[in-house]
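Each chain is listed here by its residues.
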Amino acid sequence: MSNLGTPHSRHLNKCLAHGSSSSCPWKDMNASNTNAYKTRPDTGVTRTYDFTITKATAAPDGVEAELLLINSQFPGPLVECDWGDWVKITVQNNISDEGTAIHWHGMLQQKTPYMDGVPGIAQCPIAPGGSSYTYLFKPDIYGTCWYHSHFSGQAASGFSGPMVIHGPSHVNYDIDLGPIVVSDYFHEYYDVITGGFLENKVEVTLSDNNLINGKNSYKDNGAPLASFNFTSGKTHRLRLINASAFAVQKISIDGYNMTIMANDLVPIVPYVTDVVTLAAGQRSDVLVHAMGGPTDSIWLRAYKPPNCSPGKEGSYLATAAIFFEDADRAEMPTSQPGLNAYDKYCGNDPLSKTVPVYPLTPGHPSVTEILPIELRPNGSSNLWFMANRTFRVDYNAPQLMNARDGNVEFPHIQNVHNYGSNSSLRFIIENTGFHPHPVHVHGHNFWVLQEGRCGDNETVFPDGQPEFAHVFSPGEASDRFGGTPSSSHQHGNNVPPVEEHRREEGVDRSKATFIGNYGSCWNGSIVNPMNPQRRDVQMLLPGHYIVIQWEQDNPGIWPLHSGGMGWMILERPDDFYNNINISDAMSKTCEDWEAWTSKNVVGE
């Protein structure tokens with residue numbers, strides 16, 4: 001299926017242009033002296049890839065299932081480039097009865113919002129039966145990311161792969177092992193999963209397995225496991241990616257600590273831990289010093305806590321063997337899990353630990369909005385709501401195309417919010433339900449200013465919950481679904497002390513725009529206010545809130561979303577009005593899609 005996680009998987013170079021870091025295209029630019037959001041190299045190089053998407057029967061865990069494959073691979077091929085390169089990927093859709101589109105998760109798409117890959121927003125879907133589309137963009141920032149289908153729930157059926165943008169490193173290491181993709185896995189095709197969740201009974205389809213680089217056995221059926229190579233005495237870089245549909249992943253290596261050096265695409269001040277927690281969509285780059293002997297072998301574990309993520313009995317653990325250079329590969333490791341390998345806390349590490357190397361300070365926002373999240377029945381199905389709004393897109397009329405033509409008024413159901421030329425946005429997102437939510441924004445990294453527990457639903461809904469809002473109270477949801485960190489998350493493991501600054505900032509309603517009559521769970525404090533954590537996904541626990549903020553410096557339409565809910569950010573539309581690149585990019589796919597849908601019915 002894929003060479004990732006096999007003895008044939010190659011180590012990655014420091015950069016593609018040359019073999020050594022001294023001759024890489026960023027030269028003297030590094031994580032501490034360069035604001036990558038504003039300045040980047042220009043190599044003049046375009047890295048070219050061709051993807052063919054097919055639906056096929058495969059058995060990554062030994063059980064046959066219907067999957068969506070990229071070039072007959074699961075996970076999909078590694079997309080690799082240097083910071084300063086362009087990337088050109090031509091995608092041919094050979095699925096017979098479904099459209100598709102690819103989102104390049106973590107890519108800011110500055111000046112190329114029409115390459116973001118969200119159907120109904122940035123493009124029409126690529127029509128079935130052999131139609132193609134070419135994505136062309138320049139990665140703005142560097143590190144470890146991934147790509148996945150953004151058409152319906154296709155990503156849950158294998159349609160995803162890793163992506164690496166080589167850039168400067170603020171820490172030293174010897175060997176880059178490349179991507180380690182962990183994911184929940186379903187034997188059912190994705191339409192069963194999405195259908196079950198949206199039904200009025202909320203029959204969540206339980207995942208059947210957990211995979212590392214697309215590999216694991218199922219009920220000890222002998223299917224091959226992933227494996228990796230360590231060299232004793234060397235420091236190894238592991239690029240951890242959670243490509244799950246739902247699952248929180250706990251990643252550990254028996255007997256070893258890991259030094260986290262980057263979260264998502266943000267280099268951070270390194271800190272040490274024995275377990276890395278990733279919500280769906282998140283990434284962490286870690287360093288591991290191979291202190292064992294040449295004949296050692298140990299287990300790498302990926303565990304999805306059952307209280308955080310739905311799964312069938314026996315589906316929660318994936319293991320991969322790490323063999324040192326002279327180990328007997330015919331013998332599986334006998335190492336034992338660490339103390340926190342099976343920790344059940346669903347949240348990310350404390351914000352005080354994750355300090356970006358390049359400091360950026362958020363100013364006072366132009367707009368502040370409170371967005372409660374809730375799941376409500378809607379006739380025969382369930383829908384997610386943010387601040388009393390759900391959403392639905394029109395695949396045949398992408399929002400970006402309409403805005404480009406000057407049409408900035410959208411149907412209410414599309415949930416598009418025009419923030420004009422406001423300089424910055426702040427959102428207080430409050431989870432009134434019983435599911436953990438990985439909150440992701442396209443087109444930006446956001447600051448995570450604060451997170452915490454809501455006292456009660458009267459704080460979120462001072463006038464009472466809306467009718468039909470069947471949710472746990474925040475306290476009940478928090479206790480039941482992993483809202484209380486263990487001692488290991490409160491104190492860390494060999495973590496260097498990090499000064500935690502807090503600023504009390506009262507919420508001034510006279511200077512902010514608020515949606516609806518919702519209370520705020522946030523007391524105005526900010527963790528490390530001069531340099532808060534930045535990333536593109538943050539876990540929002542049940543009964544909790546997060547406060548995020550970003551600068552409006554990237555004209556486009558950007559989803560702020562988690563799973564089946566979305567809040568569409570229309571950003572600086574005057575700056576892309578009448579942009580010919582938008583119409584040129586969309587015209588062919590929209591013509592093909594229009595022709596196909598004129599004869600076929602498509603759910604959106």
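Residues numbered from 1 in each chain as written. Predicted model: local features only at pLDDT ≥ 70, side-chain atom pairs only at ≥ 80, totals over all residues. Heavy atoms only, no water.

Undergrad: Please set out the sheet that holds strand E25 (residues 446–453) residue by residue, giving values where relevant.
TA: One open sheet holds the six strands; their spatial order is E21-E20-E23-E28-E25-E26, and the pairing between them is mixed. Both edges of this open sheet fall to strand E21 (381–386) and strand E26 (533–535), since each of them pairs with a single strand only. This sheet shows a mean twist of 30° between the axes of neighbouring strands, independent of strand direction. Here seven bridges tie strand E23 (residues 424–431) to strand E28 (residues 544–551), and the two strands are oriented antiparallel to one another. Paired with Glu-430 across the bridge in E28 is Tyr-545. (Pairing = 2+ DSSP bridges. Helix = DSSP H or I, 4+ residues; strand = E, 2+ residues; numbered from the N terminus. Axes fitted to C-alpha atoms, helices over the stretch in contact; angles between N-to-C directions.)

Undergrad: Describe the nonpolar core, listing the residues and the values that go with them.
TA: In this structure, Phe-51, Phe-427 and Leu-560 are the most contacted members of the largest nonpolar core, which totals 136 residues. Sorting elements by how many residues they give to this core places helix H6 (residues 580–597) first, with six residues. Excluding its chain neighbours within four sequence positions, the residues that come into contact with Phe-427 are Glu-369, Leu-371, Tyr-419, Ile-546, Val-547, Ile-548, Trp-550, Leu-560, Trp-567 and Ile-569. (Core = buried A, V, L, I, M, F, W, Y, C linked by side-chain atoms within 4.5 Å. Buried < 20%, exposed > 50% of the residue type's maximum accessible area, 1.4 Å probe, protein only. Contact = heavy atoms within 4.5 Å.)

Undergrad: An account of the state of the cysteines is needed here, citing residue identities and associated values.
TA: A full pass over the atoms with the stated rule returns four disulfides. A sulfur-sulfur separation of 2.1 Å characterises the disulfide bridge that pairs Cys-15 with Cys-24. As the torsion about the S-S bond is roughly -90°, the Cys-15-Cys-24 disulfide counts as left-handed. We note that Cys-15, like Cys-24, is buried. (Disulfide = S-S within 2.5 Å.)

Undergrad: Give a detailed account of the confidence of the model for the chain, specifying residues and quantitative values.
TA: Close inspection of predicted coordinates is inappropriate in any region flagged by low pLDDT. Per-residue confidence for the chain averages 89 on the pLDDT scale, and 89% of its residues sit at or above 70. For residues 468–478, every residue scores under 50 in pLDDT, and the model assigns this stretch 34 contacts once sequence neighbours within four places are set aside. Contacts from residues 490–513, a stretch scored under 50 in pLDDT, to residues over four places away or in other chains number 53 contacts. (pLDDT = per-residue confidence, 0-100.)

Undergrad: Please give an account of the sheet that holds strand E5 (residues 102–105) that cites residues and values.
TA: One open sheet holds the four strands; their spatial order is E3-E8-E7-E5, and the pairing between them is mixed. Each edge of the sheet is formed by a strand with only one pairing partner; in this case those strands are strand E3 (79–82) and E5. Between one strand and the next, the sheet's axes are offset by a mean angle of 20°, whatever the strand orientation. Relative to strand E8 (residues 160–166), strand E7 (residues 143–149) is paired through six bridges, and the arrangement is antiparallel. Bridge assignment links Cys-145 to a residue of E8, and that residue is Met-163.

Undergrad: Give me empty space enclosed by the protein: which residues, what numbers.
TA: Tallied over the entire structure, the rule returns six cavities of 30 Å³ or more. The volume enclosed by the largest cavity comes to roughly 130 Å³. As for the largest cavity, its lining consists of 13 residues, of which Ala-36, Tyr-37, Pro-267, Tyr-358 and Arg-534 are closest to the centre. Per-class residue counts for the lining of the largest cavity are ten nonpolar, two polar and one charged. Space inside the second largest cavity adds up to approximately 110 Å³. Along the walls of the second largest cavity sit 15 residues, with Phe-74, Ala-155, Ser-183, Asp-184 and Ala-243 positioned nearest its centre. Ranked by residues supplied to the lining of the second largest cavity, first place goes to strand E9 (residues 175–185) with four residues. (1 Å grid on protein atoms, 1.4 Å probe; cavity = no way out; pocket = protein on both sides within 12 Å on 5 of 7 lines; lining within 4 Å. Points joined across faces, edges and corners; volume = space filled by probe spheres on them. Nonpolar A, V, L, I, M, F, W, Y, C, P; charged D, E, K, R; others polar.)

Undergrad: An account of the pairing of strand E1 (residues 46–58) is needed here, citing residue identities and associated values.
TA: When E1 meets strand E4 (residues 86–93), the two strands line up parallel, connected through eight bridges. Counterpart to Asp-50 in the pairing with E4 is Thr-90. Bridge count between E1 and strand E2 (residues 65–70): six bridges; the pairing is antiparallel. Bridged to Ile-53 within E2 is Ile-70.

Undergrad: Go over H6 with me, naming the residues and quoting the values.
TA: Taking 1.5 Å of rise per residue, 18 residues should cover 26 Å, and H6 covers 25 Å from first to last C-alpha, within 8% of that figure. The sharpest bend along H6 reaches about 40° and sits at Ser-587. Tucked into the core, H6 has its buried residues touching strand E6 (132–137) and helix H2 (399–404). A distance of 2.8 Å separates the backbone nitrogen of Asn-581 from a side-chain oxygen at the start of H6, and that oxygen is part of Asn-579. (Expected span 1.5 Å × (residues − 1). Bend = angle between axes of the 7 residues up to and from the residue. Polar contact = N/O pair within 3.5 Å; in protein donor to acceptor, adjacent residues only side chain to side chain.)

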